[in-house]
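# Close look at the chain arrangement
These are the residues of each chain, in order.
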Number of protein chains: 2
Amino acid sequence: MQEFPITRAPASKPKPDPKTLVFGKTFTDHMFLMNYETGKGWHDGRIVPYGPIPMEPCAMVLHYAQEVFEGLKAYRSPDGGVQLFRPMENALRLKSSCERLCIPAIDPQTVVDAITQLVRLEADWVPSEPGTSLYIRPFVFATDPSLGVHASHTYLFAIICSPVGAYYAEGINPVRIYVEDEDVRAVKGGTGFTKCGGNYAASIRASERAEEQGYAQVLWLDGVHRKYIEEVGSMNVMFQVDGTVITPTLTGSVLPGITRKSCLELLKSWGVPCEERLITAQELFDAAEAGKLEEAWGTGTAAVISPIGEMGWEGRHVVVNGGEIGALTHKLYDTITGIQWGTIPDPYGWTVKVC
Amino acid sequence: MQEFPITRAPASKPKPDPKTLVFGKTFTDHMFLMNYETGKGWHDGRIVPYGPIPMEPCAMVLHYAQEVFEGLKAYRSPDGGVQLFRPMENALRLKSSCERLCIPAIDPQTVVDAITQLVRLEADWVPSEPGTSLYIRPFVFATDPSLGVHASHTYLFAIICSPVGAYYAEGINPVRIYVEDEDVRAVKGGTGFTKCGGNYAASIRASERAEEQGYAQVLWLDGVHRKYIEEVGSMNVMFQVDGTVITPTLTGSVLPGITRKSCLELLKSWGVPCEERLITAQELFDAAEAGKLEEAWGTGTAAVISPIGEMGWEGRHVVVNGGEIGALTHKLYDTITGIQWGTIPDPYGWTVKVC
């Protein structure tokens, strides 16, 4: 494993109360940084005290959003150790995001090594209360001090870490969602399959409107036909219809989620029929009204599994599984979180011990 | 006019040689800053020395690209004064961009006042060589130190200025473009009508590929049907076909350009028939092959007018006006630049004297 030089913070900050952690607001003592420059490539990987980065006002990222990110977690296992969940998948997706955004890709093993070394250094920051974890945010952005619209010649790759609370501190409660029919998150030929900032910026308005109307999130439709379901909020989405699990296929505008992939692998290993295909809102609401939509859930790193209890679309309103979390949804949640926190065996080799 | 407090730079930087200015690389001595905070609104507008802005690594703009910008210029007129071109149009478009991105809008008059005061302070930086100007870049970005995906509660509005050289230092030469058929810049329901960073990030790959193949830019097709022409590079586009000027209508995925608007107003005042409507690539290439495509040009703040000399699409290749700039294209360029630099009268009230 590559080892990067460490400049230690003069003192460790006080740890926040693990019972009241808010997502992404508290950061650990250190961060990883690495620079890119045309001709030199990626260089000078290092761990330094967490703190502000001086930014030129003309830095490209502030104008043209040439930026991508990843998200994963480190988990405290029952033996007191710390482990990651499929970090190479994040490193590979970061590479794919970089390529679409014309950012020079970072060697995936270097990304995993940097994450591992940083988490090892910050191991005291991985909380041990049930459901808590250390959220890890790798991100890359363009730093050229120039306003020309083209790929930057310089970039910064950073990794920061934030202890986060249990997503379901008050138990898993299925959420209400509705089909968004005005705003579009992504379109084929665009950047929907990447984790680039622009996708998230474009999604904020619909999320805010959903919240105002008492919904937790929106169900996104494709931008071309406005009829195929793509994602729910910033998660992938799955439905169990008449015994078969269906999920939108990766057409280029859907994020290839790592929790999505893990769910599909688990379901197949359990012998549950799965289909990755185009799914219309029409088909879904028809199935629900015919009593065939058995379960529905979102998948993502933050929530792992987010059961959907109610859905609205063009005046139609359906309740899924009586508004309760379904058995399959629960089994997926228990299995993935069990593997992540090391409370059940990991026959898939998904976890990577850090310390 | 609102006046903002000024903290002067201790010394003025040396001015670059106006003959070798590169776009967006040199900045003036001062910048304008203003903060937003939920509950306080936009406040603390001020002019300070130009320099790095300390940025939290978790600042929202670096992750979710909640950011918008504008671009306009200050021109040195023959009497030695300095003037702006339709600055209120930029301020209004900034408001529209902010609204789509869930950024609290800034009062347009405040934006114009800030631009005016900053340019007045930096008047020595407005070059006077032919074709040179002072490029003005207002921009707004989300600064919340938090990784949650939602609208930020804090923002920074900044204005920076850069002296720029003549766009056509070696004369106006028509460019070669081709129709992009893989990547999509924007789609209806997305953010195409705004100047948000994500649009530009999504466009970089196609522009790089075009350059590699010896083209100056790409002609973007709509993301839904992949047949209607939308923009050329980061400019609006116009064609004269059989005596009528046609330009893509503002369907939501096309930027409402201020040069575009000015061209249409001029053409109408000259009695040239104009149509804002959907235009297919098919129609355009058919017209060209039938000898009816008389002129073609892009419109934007940087180039003002960029004549198109050749176009490629699916193996078809057409030359426009023998590869020479057309008479109408030239007249538009001469008129708009004449008004901007104050060398001809401005009967439209487009220019605003700064000093």
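Residues numbered from 1 in each chain as written. Chains lettered and ligands numbered in written order. Predicted model: local features only at pLDDT ≥ 70, side-chain atom pairs only at ≥ 80, totals over all residues. Heavy atoms only, no water.

## Describing the interface of chain B and chain A
Defined as follows: Contacts: residue pairs with any heavy atoms within 4.5 Å of one another. By convention, the term buried area covers the 1.4 Å-probe accessible surface removed from two parts as they join, with the contributions of both added. The salt bridge definition used is simple: a Lys or Arg side-chain nitrogen within 4 Å of an Asp or Glu carboxyl oxygen.
Listed as interface residues are 57 residues of chain B and, on the opposing side, 57 residues of chain A. Taking both sides of the interface into account, the surface hidden between chain B and chain A amounts to around 4800 Å²; carbon and sulfur atoms contribute 64%. Area buried by chain B at its contact with chain A is led by B:Pro57, B:Leu62 and B:Leu147, which between them contribute 13% of it. On the surface where chain B and chain A come into contact, there are 2 salt bridges. In this structure, the salt-bridge partner of B:Arg100 is A:Asp183, at a minimum N-O distance of 3.6 Å.

## Some words on helix H2 (residues 87-100) of chain B
All names here are of chain B. Convention followed: Runs of H or I in DSSP of at least four residues are treated as helices and runs of E of at least two as strands, each being numbered from the N terminus. Take the number of residues in a helix, subtract one, and multiply by 1.5 Å to get its expected span. Accessibility here uses a 1.4 Å probe with only protein chains present; expressed as a share of the type maximum, an area under 20% marks a residue as buried, one over 50% as exposed, and anything in between as partly exposed.
The end-to-end C-alpha distance of H2 is 20 Å, a good match for the 20 Å that 14 residues give at a rise of 1.5 Å each. Along H2, the positions that sit buried rather than exposed are Pro 87, Asn 90, Ala 91, Arg 93, Leu 94, Ser 97, Cys 98 and Arg 100. Once H2 ends, the next one or two residues include Cys 102, with phi positive near 60°.

## Some words on the nonpolar core
Defined as follows: Residues belong to one nonpolar core when they are buried, are Ala, Val, Leu, Ile, Met, Phe, Trp, Tyr or Cys, and are joined through side-chain atoms within 4.5 Å.
Residues A:Val140, A:Phe157, B:Val140 and B:Phe157 are the most contacted members of the largest nonpolar core, which totals 129 residues. With residues near it in sequence (within four places) discarded, A:Phe157 still touches A:Phe32, A:Leu33, A:Met34, A:Trp42, A:Leu94, A:Ile106, A:Val111, A:Pro138, A:Phe139 and A:Val140.

## Observations concerning helix H5 (residues 258-269) of chain B
The first and last C-alpha atoms of H5(B) sit 16 Å apart over 12 residues, in line with the 16 Å expected at 1.5 Å per residue. Among the residues trailing H5(B), B:Gly271 stands out with phi positive, at a value near 80°.

## Looking at the pairing of strand S15 (residues 293-300) of chain A
All names here are of chain A. How we decide: When DSSP finds at least two bridges between two strands, those strands are taken to pair.
For S15, the tally of buried residues reaches 7 of 8 residues, placing the bulk of the element in the interior. Direction of pairing for strand S12 (residues 236-241) relative to S15: antiparallel, over a ladder of 6 bridges. In the sheet register, Val 237 faces S15, and the bridge partner there is Gly 298. Relative to strand S16 (residues 304-313), S15 runs antiparallel, the two being bridged by 4 bridges. Bridge pairing in S16 places Trp 297 opposite Pro 307. Connecting S15 to the antiparallel partner S16 that follows it, the hairpin turn spans 3 residues.

## Quick look at the relation of the copies chain B and chain A
Stated precisely, the cut-off is as follows: Superposing the copies works by least squares over the C-alpha atoms of residues that have pLDDT at least 70 in both of them.
Superposing chain B onto chain A requires a rotation of 180° together with a translation of 0.0 Å along the rotation axis, leaving an RMSD of 0.0 Å. The symmetry that links the two subunits is that of a two-fold axis. With an isologous cut-off of 70% or more, the 100% of interface residues of chain B that recur at the interface of chain A puts this contact in the isologous class.

## A few points about the pattern of salt bridges
In this structure the tally under the stated criterion is 38 salt bridges over all chains. Of the charged contacts, one joins A:Glu89 and A:Lys261 as a salt bridge, the two residues approaching to 3.0 Å between their closest N and O atoms. Separated by 172 residues along the polypeptide, A:Glu89 in helix H2 (residues 87-100) and A:Lys261 in helix H5 (residues 258-269) bring together distant segments of the chain. Through salt bridges with shared partners, a single ionic network connects A:Arg100, B:Glu182, B:Asp183, B:Arg205 and B:Arg209.

## Observations concerning empty space enclosed by the protein
Think of a ball as big as a water molecule: rolled over the atoms, this probe shows where empty space is left. Short version of the rule: The definitions used throughout rest on a 1 Å grid laid over the protein atoms alone, on which a cavity is an enclosed set of points accommodating a 1.4 Å probe that cannot get out and a pocket is an open set flanked by protein within 12 Å on both sides along at least five of seven lines; lining residues are those having an atom within 4 Å of a point. Grid points are joined across faces, edges and corners, and a volume is the space filled by probe spheres set on the points. In this classification, Asp, Glu, Lys and Arg are treated as charged, Ala, Val, Leu, Ile, Met, Phe, Trp, Tyr, Cys and Pro as nonpolar, and every other residue, Gly included, as polar.
Considering all chains together, one arrives at 7 cavities of 30 Å³ or more under this definition. Lining the largest cavity are 20 residues, with A:Arg185, A:Thr191, A:Asn199, B:Arg185 and B:Thr191 positioned closest to its centre. Looking at the lining of the largest cavity, the elements with two or more residues in it are helix H4 (197-212) of chain A together with helix H4 (197-212) of chain B. Considered class by class, the residues forming the lining of the largest cavity number 9 nonpolar, 9 polar and 2 charged.

## Regarding the packing of H2(B) against helix H3 (residues 108-121) of chain B
Residue and element names in this part refer to chain B. Put simply, the test is: Note on geometry: axes are C-alpha line fits, over the in-contact stretch for helices, and angles between N-to-C directions span 0 to 180 degrees. The labels follow the angle: roughly parallel below 35 degrees, roughly antiparallel above 145, roughly perpendicular from 65 to 115, and oblique for the rest. If you view the pair so one helix is near and one far, a crossing is left-handed when the near helix is turned anticlockwise from the far one by less than a right angle, and right-handed when it is turned clockwise.
One way to put it is that H2 packs onto H3 with a least axis distance of 8 Å and a crossing angle of 130°. Of the possible angle classes, the one that applies to H2 and H3 is oblique. For the element pair H2 and H3, the recorded crossing hand is right-handed. Here Pro 87, Met 88, Ala 91, Leu 92, Leu 94 and Lys 95 of H2 lie close against H3, whose contacting residues are Pro 108, Gln 109, Val 111 and Val 112.

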